[in-house]
Amino acid sequence: MRVLAQAVHYPKPEHRDDIIAAMGRLRAASSGVAGLEEIGGFEDPEGGRIIAISVWSSMEAMQAGMATLGAAIADVPFAEWERQAPSLAAFPQVA
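First things first, this report covers the structure right here in the doc.

1. Re the overall build of the protein
When you go through the protein residue by residue, the secondary structure sums to three helices and four strands. Put simply, the protein runs from its N terminus to its C terminus through helices and strands in the order β-α-β-β-α-α-β. Relative to the globule expectation of 12 Å for 95 residues, the C-alpha radius of gyration of the protein, 13 Å, shows essentially globular dimensions. Seen through its C-alpha atoms, the protein measures out along the principal axes to roughly 40 × 30 × 15 Å. Residues classed as buried in the protein amount to 36% of the 95 residues present. If you take every contact in the protein between residues at least 6 apart in sequence, the share linking residues at least 24 apart comes to 72%. In the structure as shown, the protein presents an accessible area of about 5600 Å², 58% of it carried by carbon and sulfur atoms.

Take a look at the structure:
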C-alpha cells in the first residue's frame, strides 16, 4: 500500500530560502532511495508555509528511506529557522 508523507514547515521570513535550500538537499539525497516514488516541496505564500511531500511504495519503504533523507538535513537548525514546530504526517493510500 502506497504512503504519502507530508511535512509542513513554517519558516521565519528571513529563513524561507534556507528552508527551500534544505529541501533541495533532501531532494538531491533522494536519488536511489528504494521505494521513493516522488518527492517535492510546495509553497503556500499566503500562509507562509512550505509543504514537503513524498510518495512511497509502502510504509516499510518510507520508514527505511527516512533515515537516508534525514541524514541529508541532520544539521539544519529547524528550531531556529521556523516560527513553530513543523507538522509531520503519513497517509496510506485508500483509492
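From this point, the discussion proceeds with the structure in view.
2. Section: the sheet that holds strand 2 (residues 36-44)
Ordered in space as 2-3-1-4, the four strands form an open sheet in which the pairing is antiparallel. Unpaired on one side and paired on the other, strand 2 and strand 4 (87-92) mark the two borders of the sheet. Neighbour to neighbour, the strand axes of the sheet diverge by 15° on average, direction disregarded. Pairing between strand 1 (residues 3-9) and strand 4: six bridges, direction antiparallel. Within strand 4, the residue paired with Val 3 across the bridge is Pro 92. The sheet strands contacting helix 1 (residues 16-29) are strand 1, strand 2 and strand 3 (49-56), and the helix crosses strand 2 at an angle near 170°. Contacts from helix 2 (residues 59-72) reach strand 1, strand 2, strand 3 and strand 4, with the element oriented near 125° to strand 3.

3. Some points on the environment of Glu 14
Looking at where Glu 14 falls in the secondary structure, it is placed in the loop between strand 1 and helix 1. For Glu 14, a relative accessible area of 56% gives the class exposed. Residues Glu 14 and Trp 81 lie 67 residues apart in sequence; the distance between their C-alpha atoms is 8.1 Å.

Quick notes on the rules
Within each chain, residues carry numbers counting from 1 in the order of the written sequence. Selection of residues for local features in this predicted model requires a pLDDT of at least 70, selection of side-chain atom pairs for listing and counting requires 80 or more, and totals for whole chains, interfaces and linings are taken over all residues. Hydrogens are left out, water is left out, and the side-chain values use all remaining heavy atoms of the structure. Strands here are runs of E lasting at least two residues and helices are runs of H or I lasting at least four, both read from the DSSP assignment and numbered beginning at the N terminus. Values of the radius of gyration come from C-alpha atoms, whereas the globule rule sets the reference at 2.2 Å times the count of residues to the power 0.38. Classification of residues uses two cut-offs on accessible area relative to the type maximum, computed with a 1.4 Å probe and protein chains only: under 20% is buried, over 50% is exposed, and between them is partly exposed. Between two residues, a contact is recorded if the distance between any of their heavy atoms is within 4.5 Å. Accessibility throughout is a Shrake-Rupley quantity obtained with a 1.4 Å probe, and a residue counts as covered only by protein chains that appear here. Following DSSP output, two strands are said to pair if at least two bridges run between them. To define axes, lines are fitted to C-alpha atoms, for helices over the stretch in contact only, and angles between the resulting N-to-C directions are given on a 0 to 180 degree scale.

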